[in-house]
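As a plain string of letters, each chain reads:
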Amino acid sequence: MLTLFLAALFGFILLNVPIAFSLVLTAIVLMFFSGNVSPALLVQNVVRGIDNFPLMAIPFFLLAGEIMNSGGISRRIVQFARAILGHIRGGLGYVTVLASMLFAGVSGSAVADTSAMGSLLYPVMKSEGYKEDKSAALFSAAGTIGPVIPPSIPMIIFGVIANVSIVQLFLGGIIPGVLIGFGLMIGWYIHSRKAGYKAEGRFSLKKVIKSGFEAFWALLLPLIILGGIISGIYTPTEAAVIAVVYAFFVSLFIYRELDLKKIPALLVSTARMTSVVLLVCGAAMSAAYLITTAQIPQLMSDALLGLAGQNPYLLMFFINILLLLVGCVMDLTPALLILGPMLLPIAVNFGLDPVYFGVVMIVNLCIGLITPPVGNILYVGCGISHLTVAQLSKAILPNILIMIITLILITYVPGLVMFIPNLVK
Amino acid sequence: MPGVEKVDLIKIIEGFLVRIISWIIGFLLALMVILVFSNVIARYFLNSALAWSEEISRFMLIWVAFLGSVLAYVRNEHLGLDILITVLPPRSSRVVLVLANLLVIAAIVILLYGGWSITSHTFNSGWTSPALSIPYGVVYMIVPVCSLLLLLQAFVKLRENISVMIKVIKGVE
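Quick summary incoming for the structure in this document. Just so it is clear, the structure is predicted and the values come from calculations on it, not from any experiment.

### Concerning the overall build of chain B
Scanning chain B from terminus to terminus reveals six helices and zero strands. Going from the N terminus to the C terminus, chain B shows its helices and strands as α-α-α-α-α-α. Relative to the globule expectation of 16 Å for 173 residues, the C-alpha radius of gyration of chain B, 21 Å, shows a markedly less compact shape. Along the longest, intermediate and shortest principal axes, the C-alpha atoms of chain B span 75 × 35 × 35 Å. In chain B, which comprises 173 residues, the proportion classed as buried is 44%.

The structure is reproduced here in C-alpha cells:
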C-alpha cells in the first residue's frame, strides 16, 4: 500500500500533473485498491479540508501584505532599517536582512517578503556598487524568514492539517527566524570584508528617530498581530483580518499612498493565490484521510524504526535529509501537506513534540525555497534581479549552508524552538 | 476559414468567464473581510459573537477556492513539477504534456461526478447548515459547476497540446 501510494503520487506529479489533481487521482487509486471507490466521499473530504476557519487567515495575511506593499508601509520599514544599519560597511546587506525580519513580523509568506524587500532594496544595492549576484542571493535567502517568523502561512496549514496549536507554532518560529537572520548577517559580514565594500555616511540618531516616527504605524502592526495572538485576545484568523483593515486604514488615511482603484485587482490576485493553496490543501486532506486509513504512517514508521532504532535524533537526521531532498524539487506548501500528516505521527511515536517537529519541518522546507532546481523564491529572486537561475544558485550556496547550520542547531537544541512556546503555555 | 472564427469564439467565451469569475471572487473576498472583521468588533465591543458570520464566510472561502482554481488553471498557476518536461527532448516532452492533460481531465471528471452526486445527495436529504439553515447542496454545488468549467478549459488546452505535439513530431521527422 505504501509503495503503491508513493508510486502513484510521485508518478502523477513527475508527469507534470498539477499537485492538487495528482492527489485526487492518487486518492482514487487508493480507494480502488481498498475496494471502496466513492468520488462523492472524496469530494466531500476535499470540501471539508477547505472548510476551516483557521485557513481563512491565508487570504487575509496575503491581502494585508499586498496592501502594505502598494500603500507605502513596506517602504517605511526599509527606511527605518536603513537609518539603523545603513552606515556600516556593506550596510545595505544588513538593512535587507533586518527589514526582511521586520516584514516577516507582518507577512506570512516568503514570496511576499522577498518580492517586497527585493524590489525595494536590490536596485539601491546595485546602484551603490554591491555585487549583483550576492545582493540577490541575500534578499532571496532573507525572504525565506517570512514564513519562519510569525505570522506564517505554512504554520497555519501545518496547524490545521496536523491539528497542532497554530499559536504555539507561531511562537516556536521566533527564535529560529532570528537565528537565520543573524546567520545571514554573519555571512554578509564575511562577504563584505572580502569584497571590500566601504562604509558610507554616518550614524545619525536624528535620522533613526525621524524614520522610526514615520514608520511608527508600520512597526506597530507586528505588535498588534503578535500581541493579540499571544495574549489570546484574538485568534490568528482574527489577527489576519485586523491586519488587513489596519493596513488599509494606515495606507489610505495616514500615509495616503493607497490608490483605491488598485483594490479590486489586489482582491482578485489574492483570491487566486489563495485558491491555488487551498485546492492543494483540500486535496491533500482528502488523501490524508486515506493515508491514515491505509495505515501508511504506521508502515513508514516501521521502516524508519529499522533505520533509526529508537533514537529520535537519528530519526530527525533521516527526516531532515529526506525533507531537504524533497525541498529541492517540490514547493513548500505541497511538501508540507503531503509529508506533514505522514511524518508527524512517526515523530510523535518517537516522543517528539508536535510543535518542535512542525517548526523544524517548516524551517527545513523553507531552505527548499532557495535550492535549485525548483525553488519558488529562487525564481522570484531571478525575476527581480534579472540574473539566471544558474548564476543565483551559485551565489546563494553559502546562504543555503548558513540555513542548514541553523536547521541543525534547532534540530539538536530543541529548547531553541520550544523556549518561547513553553513560556506562554 | 470557419476554423479561425471558432477559435476566436472560444477565446471570447473564455475571456468573458474569466472576467465574471474575477469579479465574483474579488467581491467574495472583500465580503469575507467585512464579515470576519465585523464579527471581531461584535465579539469584543458588543460582547455578542455572530455565529452566522463565521458560517457564511467559511462557505465563501469554499466558493473562492473552487472558482479561483478555474482562473488559476486558465493561467497555468497551479503548483506542479515541470522538471521532466524540461529534461526530456521536445518530442517526448510534448507527449508527456498530452498525457498529463488527459490525466488532469480524468481527475476533473472524478471531481465532477463526485461533486454532482454529493450535491444531489445533500439537496435530497435536506441537510442544512446550523446557523443560517443554508442547504449544504448550495455549498457543494460549486464543485460540479467549477469542475465543468475546468473540464471545458482542459479540453481547450488538450486541443492546443495535441496540435503542438503533432507539429513537433512532424517537424522532427
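After that view, the rundown keeps rolling.
### Here's the deal with the overall build of chain A
Looking only at helices and strands, one finds 21 helices and zero strands in chain A. Over its C-alpha trace chain A gives a radius of gyration of 22 Å, about what one expects of a compact globule, namely 22 Å for 425 residues. Residues counted as buried form 63% of the 425 residues belonging to chain A. Sequence-distant contacts, at least 24 apart, represent 78% of the contacts inside chain A between residues at least 6 apart. About 15400 Å² of surface is accessible on chain A, with carbon and sulfur atoms providing 69% of the total.

### Re the interface of chain B and chain A
At the junction of the two partners, chain B supplies 56 residues and chain A supplies 52 residues. Interface area for chain B against chain A, summed over the two sides, is near 4900 Å², with a carbon-plus-sulfur share of 81%. When the area that chain B buries against chain A is broken down by residue, the three leading residues are Leu61, Leu79 and Leu81 of chain B, summing to 16%. On the surface where chain B and chain A come into contact, there are three salt bridges. Run the count over chain B and chain A and you get eight residue pairs in polar contact (both at pLDDT 80 or more). Elements with a minimum of two residues in the side of chain B that touches chain A: helix H1 (2-45), helix H2 (51-74), helix H3 (83-87), helix H4 (90-125) and helix H6 (142-172) of chain B. Counting residues per element, the side of chain B that touches chain A draws most heavily on H4 of chain B, which supplies 16 residues. In terms of residue class, the side of chain B that touches chain A is made up of 40 nonpolar, ten polar and six charged.

### What to know about the nonpolar core
Counting 216 residues, the largest nonpolar core has Phe60 and Phe158 of chain A together with Phe66 of chain B as its most contacted members. Broken down by element, this core gets its largest block of residues, 17 residues, from helix H14 (residues 263-293) of chain A.

### A few points about helix H17 (residues 332-349) of chain A
Residue and element names in this part refer to chain A. Given a rise of 1.5 Å per residue, 18 residues ought to cover 26 Å, and the 24 Å separating the end C-alpha atoms of H17 matches this to within 8%. At Gly340, H17 is deflected by roughly 45°, the largest bend along its length, and proline Pro341 occurs up to four residues later in sequence. For H17, the buried fraction is high: 15 of the 18 residues fall into the buried class. Positive phi appears at Gly351, one or two residues downstream of H17, with a value of about 85°.

### A closer look at the packing of helix H9 (residues 153-162) of chain A against H17 of chain A
All names here are of chain A. Between H9 and H17, the shortest axis-to-axis distance is 10 Å and the interhelical angle comes to 35°. For H9 against H17, the interelement crossing comes out right-handed. Between H9 and H17, the contacting residues are Pro154, Ile157, Phe158, Ile161 and Ala162 on the first element and Leu332, Thr333, Leu336, Leu337, Gly340, Pro341 and Leu344 on the second. In terms of residue class, the contact of H9 with H17 is made up of ten nonpolar, two polar and no charged.

### Some thoughts on the packing of aromatic side chains
Residue and element names in this part refer to chain B. As enumerated under the stated definition, the model contains 14 aromatic pairs over all chains in all. Taken together, Phe59, Trp127, Tyr136 and Tyr140 form an aromatic cluster joined through their ring pairs. Positioned above the aromatic ring of Tyr73 is the side chain of Lys157, whose terminal nitrogen or guanidinium carbon lies 4.8 Å from the ring centre.

### So, unusual backbone geometry
Residue and element names in this part refer to chain A. Put simply, Pro150 and Pro151 share a cis peptide bond, and its omega is -5°. Backbone geometry at Asn16 places phi at a positive 75°, although glycine is not the residue there. Tracing the backbone through its elements, the reader meets Asn16 in the loop between helix H1 (2-14) and helix H2 (19-34). The phi dihedral of His386 falls on the positive side, at around 60°, and the residue is not glycine. With respect to the helices, strands and loops of the structure, His386 is situated in the loop between helix H19 (376-385) and helix H20 (389-412). Residue classification places His386 among the exposed residues on the basis of a relative accessible area of 71%.

About the thresholds
- Think of each chain on its own: its residues are numbered from 1, step by step along the sequence as written.
- To label them, take the chains in the order written and letter them from A, then take the ligands in the order written and number them from 1.
- Local features in a predicted model are, by the rule used here, given only for residues with pLDDT of at least 70; side-chain atom pairs are given and counted only at 80 or more, and totals for whole chains, interfaces and linings are based on all residues.
- Excluding hydrogens and water, the side-chain values take into account all heavy atoms of the structure.
- The helix and strand labels rest on DSSP assignments: H or I over at least four residues marks a helix, E over at least two residues marks a strand, and numbering proceeds from the N terminus.
- C-alpha atoms define the radius of gyration in this analysis, and the globule rule sets the expected value at 2.2 Å times the number of residues to the power 0.38.
- Each residue gets one of three labels from its accessible area relative to the maximum for its type: buried under 20%, exposed over 50%, partly exposed in between, using a 1.4 Å probe on protein chains only.
- We call two residues in contact when some of their heavy atoms are within 4.5 Å.
- Each accessible area value is a Shrake-Rupley result obtained with a 1.4 Å probe; residue values ignore everything except the protein chains displayed when judging cover.
- By buried area we mean how much accessible surface two parts lose on assembly, using a 1.4 Å probe and totalling the loss over both.
- Each salt bridge in this description consists of a side-chain nitrogen of Lys or Arg and a carboxyl oxygen of Asp or Glu lying within 4 Å of one another.
- Under the rule applied, a polar contact is a pair of N or O atoms within 3.5 Å (in protein, one hydrogen donor and one hydrogen acceptor; residues adjacent in sequence only if both atoms are side-chain atoms).
- The classification used treats Ala, Val, Leu, Ile, Met, Phe, Trp, Tyr, Cys and Pro as nonpolar, Asp, Glu, Lys and Arg as charged, and all other residues, Gly among them, as polar.
- We call a set of buried Ala, Val, Leu, Ile, Met, Phe, Trp, Tyr and Cys residues a nonpolar core when their side-chain atoms join them within 4.5 Å.
- Take the number of residues in a helix, subtract one, and multiply by 1.5 Å to get its expected span.
- The angle between axes fitted to the seven-residue stretch ending at a residue and the seven-residue stretch beginning at it gives the bend at that residue.
- The axes used here are C-alpha line fits, helices contributing only the stretch in contact, and every angle between their N-to-C directions lies in the interval 0 to 180 degrees.
- Whether a crossing is left-handed or right-handed is set by the direction in which the near helix is turned from the far one by less than a right angle, anticlockwise for left-handed and clockwise for right-handed.
- When the centres of two rings from Phe, Tyr and Trp lie within 6.5 Å, Trp using its six-membered ring, the rings pair. Their planes under 30 degrees apart give stacked, over 60 give edge-to-face, and anything left gives tilted.
- By definition, being over a ring means that NZ of Lys or CZ of Arg is both within 6 Å of the ring centre and within 35 degrees of the ring normal.

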